[in-house]
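Understanding the architecture of this molecule
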Amino acid sequence: MTTLPNKRILVISDTHTPFQHPDTLRFLQAIKDKYNPDRVVHIGDEIDSHAMSFWPSDPDCFSAGDELIRAREVVWQMEELYPKVDVIESNHGSLWYRKAKHHGIPREVIRTYEEILFPKRKTGWKWHYDLTLRLPNGQPCYFHHGKSANNLLASQKLGMSFVQGHYHGKFNVQYWGNSERLNWSMNVGCLIDDKALAFEYNKTTMDRPVIGCGLIVDSQPRLLPLVMKSNGRWNGRLT
């Protein structure tokens, strides 16, 4: 179990770069200015890899190489804001490895996440399959990209507080208790640009993505929505 002060943990939601919401970096800067988190967790899908998908990709989107170059540029700007980040492995973030495995390529010849996104230099971003942190109140909190559409039930089965992303339309906090303590579960939404070609599939669903991040302050969860104006851009205020 990883320990730090963990008094203010920012949970960055699925950014899916380079298809992130156009105000993502401004939003993350404002969060840093106001809350100055002492730990940052990116819950996964830091990049989209649309062109690498097992599903048909949009022919009018970027090629795999161009997409990676553009995604890196955004990730590097996020790294300037937050030099140390714990990144959770995810279905989109791991597409290189999933594709390689599908085609029989062994792990020994595949680059690491760090080498792909930060070539030729070191970074404070570290990847984990999952992560359990000790909160200031002494209780554990489990982080995973996406365990279950029912995050409350997942938290109860884990027996501890739980944070996840993956489900773009879920943005909630739910509490539950047992004989030992009060626990909670949190879904942190996403930071995507719903108008991007990579998310054309969203048009077939009733659920819409909720744009925002999560924050854990003094062991308690908070939701930070990116509230938009009628034109789809951020209104510039943190709620």
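Above this text is the structure in question.
These figures come from a predicted structure and were not determined experimentally. (Residues numbered from 1 in each chain as written. Predicted model: local features only at pLDDT ≥ 70, side-chain atom pairs only at ≥ 80, totals over all residues. Heavy atoms only, no water.)

**What about helix 5 (residues 151–158)?**
Within helix 5 the residues assigned to the buried category are Asn151, Leu152, Ala154 and Ser155. Take helix 5 and look down its axis: the buried residues cluster within an arc of 160°, on one side only. The secondary structure elements touched by the buried residues of helix 5 are strand 7 (161–164), strand 8 (171–177) and strand 9 (182–188). Once helix 5 finishes, Gly159 follows within two positions and takes phi at roughly 75°, a positive value. (Buried < 20%, exposed > 50% of the residue type's maximum accessible area, 1.4 Å probe, protein only. Helix = DSSP H or I, 4+ residues; strand = E, 2+ residues; numbered from the N terminus. Arc of directions from axis to C-beta. Contact = heavy atoms within 4.5 Å.)

**So, helix 2 (residues 64–81)**
An α-helical turn contains 3.6 residues, so any two residues separated by three or four positions project in the same direction. Its 18 residues place the ends of helix 2 26 Å apart at the C-alpha level, agreeing with the 26 Å of an ideal helix rising 1.5 Å per residue. Three or more residues of helix 2 are buried, namely Glu67, Leu68, Ala71, Arg72, Val74, Val75, Met78, Glu79 and Leu81. Residues of helix 2 that are buried sit in contact with helix 1 (24–35), helix 3 (95–102), helix 4 (113–117) and strand 4 (124–128). (Expected span 1.5 Å × (residues − 1).)

**Focus: the packing of helix 1 against helix 2**
In contact at an axis separation of 10 Å, helix 1 and helix 2 are set at 10° when each is read in the N-to-C sense. Comparing their axes, helix 2 and helix 1 come out roughly parallel. Residues Leu25, Leu28, Gln29 and Lys32 of helix 1 lie in contact with helix 2, whose contacting residues are Val74, Gln77, Met78, Glu80 and Leu81. Among the residues making up the contact of helix 1 with helix 2, the classes are represented as five nonpolar, two polar and two charged. (Axes fitted to C-alpha atoms, helices over the stretch in contact; angles between N-to-C directions. Parallel < 35°, antiparallel > 145°, perpendicular 65-115°, else oblique. Nonpolar A, V, L, I, M, F, W, Y, C, P; charged D, E, K, R; others polar.)

**A word on the nonpolar core**
Counting 39 residues, the largest nonpolar core has Phe27, Leu28, Ile31 and Tyr82 as its most contacted members. Residue contacts for Ile31: discarding those within four places in its chain leaves Leu10, Asn36, Pro37, Tyr82, Cys213, Leu224 and Leu238. In this structure, Leu131, Leu133, Trp184 and Met186 belong to the second largest nonpolar core, which totals 15 residues. (Core = buried A, V, L, I, M, F, W, Y, C linked by side-chain atoms within 4.5 Å.)

**A closer look at the state of the cysteines**
Overall, the coordinates contain zero disulfides when judged by the stated rule. Here Cys61 is not disulfide-linked; the sulfur of Cys190 is the nearest cysteine sulfur, at 16 Å. In this structure Cys190 is not part of a disulfide, and its nearest cysteine sulfur, from Cys213, lies 9.7 Å away. (Disulfide = S-S within 2.5 Å.)

**Quick word on the packing of aromatic side chains**
The tally for this structure, following the rule as stated, stands at nine aromatic pairs. Ring centres of Tyr97 and Tyr113 lie 4.8 Å apart, and the angle between their planes is 70°; on these two criteria the pair is classed as edge-to-face. Taken as a pair, Tyr97 in helix 3 and Tyr113 in helix 4 lie far apart in primary sequence, 16 residues in all. Relative to Trp127, the ring of Tyr113 lies with its centre 5.4 Å away and its plane at 5°, an arrangement referred to as stacked. One end of the pair, Tyr113, is in helix 4; the other, Trp127, is in strand 4, and 14 residues separate them in sequence. Take Tyr113 and Trp127: they sit in the same class, and that class is buried. Here the aromatic cluster, defined as three or more aromatic residues joined through ring pairs, consists of Tyr97, Tyr113, Phe118, Trp125 and Trp127. The cationic tip of Lys32 hangs over the ring face of Tyr82; the distance from NZ or CZ to the ring centre is 5.8 Å. We note Lys99 situated over the ring of Phe54; from NZ or CZ to the ring centre the distance is 5.0 Å. (Phe/Tyr/Trp six-rings, centres within 6.5 Å; stacked < 30°, edge-to-face > 60°. Lys NZ or Arg CZ within 6 Å of the ring centre and 35° of its normal.)

**A closer look at the layout of surface pockets**
Considering only enclosed or pocket space, the largest pocket measures out at about 740 Å³ in volume. Residues that form the lining of the largest pocket fall into these classes: 10 nonpolar, 10 polar and eight charged. In this structure, the second largest pocket spans a volume of roughly 250 Å³. As for the second largest pocket, its lining consists of 15 residues, of which Asp38, Arg39, Val40, Lys84 and Val85 are closest to the centre. Looking at the lining of the second largest pocket, the elements with two or more residues in it are strand 2 (39–42), strand 3 (84–88) and strand 4. (1 Å grid on protein atoms, 1.4 Å probe; cavity = no way out; pocket = protein on both sides within 12 Å on 5 of 7 lines; lining within 4 Å. Points joined across faces, edges and corners; volume = space filled by probe spheres on them.)

**Focus on the environment of Lys170**
The residue Lys170 is located in the loop between strand 7 and strand 8 in this model. In this structure the C-alpha to C-alpha distance between Lys170 and Asp207, which are 37 residues apart in sequence, comes to 9.0 Å. In this view, Lys170 contacts Ala149, Asn187, Val188 and Gly189; residues no more than four positions away in its chain are not counted.

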